[in-house]
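Per-entry structural report
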Amino acid sequence: MPETGKALSTGWRMALTVANAAADPAALDSLPDFLDAPVPGTVAGALERAGRFDRTAPQPLDHLDAWYTLDLSGEAPGEALLQFDGLATIAEVWWNGTLVLSSDSMFVRHSLPVTLTGNDRLALCFRALKPHLERRGPRARWRPQMITPQGLRLVRTTLLGRMPGWCPEVHAAGPWRPVRLTRPSPAVASEIRLSARLHENGKGQLEIGFTLSGAVAPVVECAGVAVEAIPNGAHSFSASLSIPDVEAWWPRSHGNPVLHDITLVVGGARQKLGRTGFRRIEIDRGADGRDFALHVNGVKIFCRGAVWTNADIVDLPGTRARYGPLLTLAAEANMNMLRIGGTMTYETPDFFALCDELGLLVWQDFQFANFDYPATDPAFLENVRAEVAQFLDATAASPSLAVLCGGSEIDQQAAMLGLPEAAWAGPLTLDILPALVAAHRPDVPYVENSPSGGAMPFSPDAGVTHYYGVGAYCRPLEDARRANVRFSAESLAFANVPEQATLDAHLPVPPVHDPRWKARVPRDRGASWDFEDVRDHYLTLLYGHEPARLRREDPARYLDLSRAVVGEVMEAIFAEWRREQSTCNGALVWTFQDLLPGAGWGIVDATGLPKSAWHALRRAFRPVQITLCDEGTNGLDIHVRNDGPEERRLMLELSCLRHGRQPVVSGRRDIALAPHSAETLPATALFGAFFDTTYAFRFGPPSHDVTVGRLIDTDGTVAAEAFHFPLGRAEAFFSASLTATLRQDTDGWLLDLSADRFAQSVAIEIDGFRPSDNWFHLAPGNVKSIRLLPSAGTSPETTPHGTIRGIGAEAVISI
């Protein structure tokens with residue numbers, strides 16, 4: 001905030017009562033059971049810190065009132081503003097015993113003028129939500145099954161904790177966003193409004209407005225351009241800056257996410273107003289209107305990443321400290337987009353500031369999902385307009401905000417329940433939300449709903465889809481091409497098994513059939529299967545094992561193959577989608593992080609440790625990439641790609657191995673990949689003659705069992721690798737002998753790995769360290785160097801100790 005002031009984050013006390021037991025703060029004096037409560041925070045978070053709430057077996061909170069009190073004695077008397085950035089959900093603000101504000105939206109911010117006396121008391125009451133959820137509203141045209149209760153469509157609160165089967169039922173209540181006491185300062189600019197754009201000719205345009213008292217000729221500076229602000233009356237100023245050849249902001253996969261400080265200069269004193277990036281974002285629907293591709297600064301972007309859930313299901317945090325480790329993992333995984341779905345919450349400006357810095361595009365659903373919302377109710381619409389306007393204004397400087405969407409699976413829900421097309425959408429997503437976007441963030445494209453655009457809203461061959469053909473619907477891997485996916489805003493959901501260290505620490509129970517294990521496995525409400533069944537389907541498909549027998553006879557191998565298979569499927573699907581000839585322009589995996597430790601959808605577990613799927617996607621998302629695709633009797637196609645802004649000169653190598661180690665044919669050539677380019681060539685172009693690389697013609701017994709492709713940089717390092725299994729992965733397990741050497745350089749510890757023959761899904765477990773790559777294939781004839789990154793609490797000087805194993809390898813080795 002530009003005003004001087006402080007966060008009211010300490011000294012709060014919280015008490016719970018039955019609904020409406022205390023009409024006002026005076027009734028609290030007789031309550032003995034007050035707890036210390038962090039603010040920002042939640043009722044569940046305060047109870048958990050007091051040992052009275054278990055997130056793994058949450059108790060309902062909707063039937064209780066929660067009172068928060070704060071003694072402000074000692075504050076200097078005078079005029080001030082109380083700022084409430086988020087009150088969940090039916091909230092009352094009491095100032096010195098008087099009710100001064102009521103709120104019925106978790107997503108609306110409030111500013112409250114107060115007069116401080118030096119002996120003041122602030123009280124917040126969060127009334128029981130249950131009675132409000134039981135009220136009847138306008139008749140709904142449909143009732144979604146996945147979210148309960150149905151009354152949630154009438155109340156502006158998060159759907160997290162309300163989806164049995166995939167989300168722990170932790171109810172959000174309390175001052176979940178900061179409370180601040182601010183005192184306006186005439187010497188500091190306030191009410192800052194800005195808009196940054198990039199024109200096709202490379203010129204940046206910055207429009208800014210602000211309020212400033214007593215200033216003469218204030219000057220705004222940005223990117224080397226300075227302009228004197230124009231007075232508009234009543235201490236209001238505006239400035240328009242045209243910046244020729246401004247250095248543009250790019251998603252991290254395609255360039256540098258350049259940000260520029262915006263500075264106000266008044267009488268020689270300098271004040272930072274913020275910072276922004278200049279970019280141009282457009283959606284290309286194709287000549288027939290059925291496509292969906294994102295263009296940034298005129299360049300088509302293959303968007304890849306995941307759907308964000310929350311940094312913590314209990315606390316619902318919104319600080320850089322809590323976002324930072326997770327968003328850094330997204331960047332390290334070569335992601336360039338995260339989606340915040342309509343079943344989650346709005347994240348804070350800190351989230352977007354970090355995405356700005358890291359070069360992560362954000363697809364933001366407004367917080368609507370599945371329901372038929374009462375879009376004609378005046379009170380409901382007043383809250384909607386306030387929440388949307390406030391969110392867009394708070395993130396106005398963020399170039400990372402790339403897509404704004406009317407919500408999640410609203411159209412799909414109606415269509416799947418058999419309603420006609422005229423009933424799928426309504427004024428909320430067709431009129432009200434796009435009008436607000438046009439008024440507050442016209443630089444960001446708007447999408448009516450996710451999914452939408454096809455014959456059915458969820459049809460993958462047009463517009464935006466949620467693709468689960470490979471995944472929940474157990475389609476063969478070839479379906480990823482057959483479906484002609486254009487853009488998948490969510491996809492590839494599996495019950496991803498965490499690393500053993502997480503299981504040992506947080507879920508030390510027999511896998512799969514122990515009820516405590518199964519409680520953490522996501523399922524669609526009412527379905528006869530869960531997402532562990534989906535994973536097991538692909539384990540059988542790729543490795544030929546019967547999962548029930550394998551986990552009974554060799555549970556450790558079952559877990560290792562379970563970790564391996566999700567990575568293999570994800571790499572294979574993205575290899576298909578990133579082909580030069582593919583119809584797909586982007587796909588996001590469901591989901592980024594788990595809400596509890598266990599085999600959840602997240603590619604990062606609830607402790608912040610990457611799973612096997614994260615490592616696989618890190619490889620699949622490389623900006624400089626090689627993939628191998630089996631085209632049957634057309635042979636093996638090699639796809640190479642350079643998403644970056646500079647030309648890359650590389651050596652392309654391809655080798656077919658018999659018994660995982662003997663080359664039977666190989667070839668290499670120098671290639672130069674232009675910026676933002678892709679090429680395809682047949683394997684035979686490297687061999688110079690016919691060779692049955694895919695074993696499609698079957699002239700005699702197979703000559704090889706694995707093909708290895710590499711892109712090698714000019715310094716000899718391997719930029720990317722790809723593998724093809726003509727006989728399937730099950731025929732490419734070998735008793736490989738692994739060798740590991742630990743060494744230290746100026747940046748820390750490295751592990752050099754090699755194998756005498758091909759080793760599948762090599763896994764590294766080092767106490768206190770996270771490997772930079774894991775669950776990877778290791779081909780002979782090359783040393784792979786893995787950076788060992790110290791975990792929080794581990795000294796970088798600590799010598800790593802642990803084990804390395806490969807599925808089918810000769811032995812587990814120790815360092």
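Predicted model, so just to flag it, every value in this text is computed and none were measured.

Details of the overall build of the chain
- Regarding its fold elements, the chain presents 15 helices and 44 strands.
- The C-alpha radius of gyration of the chain comes to 28 Å, within 12% of the 28 Å expected for a compact globule of 815 residues.
- For the C-alpha atoms alone, the extent of the chain along its principal axes is close to 90 × 65 × 60 Å.
- Sorting the 815 residues of the chain into buried and exposed places 59% on the buried side.
- Sequence-distant contacts in the chain: of pairs separated by 6 or more residues, those separated by 24 or more amount to 68%.
- Working note: accessible area of the chain is about 31000 Å², and carbon and sulfur atoms make up 50% of it.
- In the chain, which carries 75 positive and 95 negative side-chain charges, the distance between the mean positions of the two groups comes to 2 Å.

Some words on helix α14 (residues 612-620)
- α14 sits mainly inside the fold: eight of its nine residues count as buried.
- Of the residues making up α14, those classed as buried are Ser612, Ala613, Trp614, His615, Ala616, Leu617, Arg619 and Ala620.
- On the buried face of α14, the contacting elements are α3 (320-332), α13 (555-577), β29 (586-589), β30 (624-630), β40 (769-771) and β41 (776-778).

Some points on the packing of helix α5 (residues 378-394) against helix α7 (residues 427-440)
- Packing of α5 against α7 leaves a shortest axis separation of 10 Å and a crossing angle of 35 degrees. Classified by chirality, the crossing of α7 by α5 is right-handed. Between α5 and α7, the contacting residues are Leu381, Val384, Arg385, Val388, Ala389, Leu392 and Asp393 on the first element and Leu428, Ile432, Leu433, Leu436, Val437 and His440 on the second.
- Partitioning the contact of α5 with α7 into residue classes produces ten nonpolar, one polar and two charged.

As for empty space enclosed by the protein
- Summed over the entire model, instances satisfying the criterion amount to three cavities of 30 Å³ or more.
- Ranked by residues supplied to the lining of the largest cavity, first place goes to strand β4 (residues 64-71) with three residues.
- Taken together, the residues that form the lining of the largest cavity break down as twelve nonpolar, one polar and three charged.
- Taken together, Arg578, Glu580, Gln625, Ile626, Thr627, His639, Val640, Arg641, Ala678 and Glu679 make up the lining of the second largest cavity.
- Across the lining of the second largest cavity, the residue classes tally to three nonpolar, three polar and four charged.

Quick notes on the sheet that holds strand β19 (residues 281-284)
- With respect to topology, three strands assemble into an open sheet ordered β19-β20-β21, the strand pairing being antiparallel. Strands at the two margins of the open sheet, each flanked by one partner only, are β19 and β21 (299-301). For this sheet, the mean inter-axis angle between neighbouring strands, taken without regard to orientation, is 40 degrees.
- Inspection of the sheet shows strand β20 (residues 293-296) paired to β21 by three bridges, in the antiparallel sense. By the bridge assignment for β21, His295 is matched with Lys300.

A short note on the state of the cysteines
- Across all of its chains, the model carries zero disulfides by this definition.
- Left unpaired, Cys303 is separated from the closest cysteine sulfur, that of Cys584, by 9.6 Å.
- The thiol of Cys355 is not disulfide-bonded; the next cysteine sulfur, from Cys303, is found 13 Å away.
- Among the residues examined, Cys355 registers a relative accessible area of 0% and is labelled buried.

Section: the packing of aromatic side chains
- A full pass over the atoms with the stated rule returns 34 aromatic pairs.
- Plain terms: the ring middles of Phe494 and Tyr538 are 5.8 Å apart, the flat faces sit at 85 degrees to each other, and that makes the pair edge-to-face. Taken as a pair, Phe494 in the loop between β28 (487-491) and α9 (500-506) and Tyr538 in helix α11 (residues 531-543) lie far apart in primary sequence, 44 residues in all.
- Look at Tyr538 and you get buried, because its relative accessible area is 1%.
- Ring centres 5.6 Å apart and planes at 55 degrees place the aromatic pair Phe723 and Phe758 in the tilted group. Here the residue Phe723 occupies a position in strand β36 (residues 718-724), and Phe758 occupies one in the loop between β38 (748-755) and β39 (759-766), the gap between them amounting to 35 residues.
- Classification of Phe758 as buried rests on a relative accessible area of 0%.
- The ring of Tyr558 carries Arg551 above its face, with NZ or CZ at 5.5 Å from the centroid.
- Across the ring face of Phe776, the terminal group of Lys784 is positioned such that the distance to the ring centre comes to 5.0 Å.

The rules behind each value
- Along each chain, residues carry numbers from 1 onward, in the same order as the chain's sequence is written.
- It should be noted that, the model being predicted, local features are given only for residues of pLDDT at least 70 and side-chain atom pairs only at 80 or more, the latter also being counted only at that level, while totals for whole chains, interfaces and linings use all residues.
- To obtain the side-chain values, all non-hydrogen atoms of the structure were included, while hydrogens and water were left out.
- By definition, any uninterrupted DSSP run of H or I lasting at least four residues is a helix, any uninterrupted run of E lasting at least two residues is a strand, and each is numbered from the N terminus.
- Within these notes, the globule rule equals 2.2 Å times the number of residues to the 0.38 power, and the radius of gyration is based on C-alpha atoms.
- The classification of residues rests on relative accessible area computed with a 1.4 Å probe and restricted to protein chains. Under 20% of the type maximum is buried, over 50% is exposed, and intermediate values are partly exposed.
- It only takes one pair of heavy atoms within 4.5 Å for two residues to be counted as in contact.
- Here the open area of atoms and residues is found with the Shrake-Rupley method and a 1.4 Å probe, where only the protein chains shown may cover a residue.
- Working convention for charge: Lys and Arg count positive, Asp and Glu count negative, and His plus the chain ends are omitted.
- For this purpose, a charge sits on NZ of Lys, CZ of Arg, CG of Asp or CD of Glu.
- To obtain each axis, a line is fitted to C-alpha atoms, and for helices this fit is confined to the stretch in contact; angles are then taken between N-to-C directions over 0 to 180 degrees.
- In this scheme the crossing of two helices becomes right-handed for a clockwise turn of the near helix relative to the far one and left-handed for an anticlockwise turn of less than a right angle.
- When residue character is reported, Ala, Val, Leu, Ile, Met, Phe, Trp, Tyr, Cys and Pro are called nonpolar, Asp, Glu, Lys and Arg charged, and the others, Gly included, polar.
- Cavity and pocket criteria rest on a 1 Å grid covering protein atoms alone: a 1.4 Å probe that fits but cannot get out defines a cavity, protein on both sides within 12 Å along at least 5 of 7 lines defines an open pocket, and an atom within 4 Å of a point defines a lining residue.
- Grid points are joined across faces, edges and corners, and a volume is the space filled by probe spheres set on the points.
- Each pair of strands is called paired provided DSSP finds at least two bridges between the two strands.
- For the purposes of this analysis, a disulfide is any pair of cysteine sulfur atoms at a distance within 2.5 Å.
- For this analysis, a ring pair means two rings from Phe, Tyr or Trp (six-membered ring only for Trp) whose centres lie within 6.5 Å, classed as stacked if their planes differ by under 30 degrees, edge-to-face if by over 60, and tilted for the remaining angles.
- Both a distance and an angle decide whether a charge sits over a ring: NZ of Lys or CZ of Arg must be within 6 Å of the ring centre and within 35 degrees of the ring normal.

Just geometry here; none of it tells us what the structure is for.
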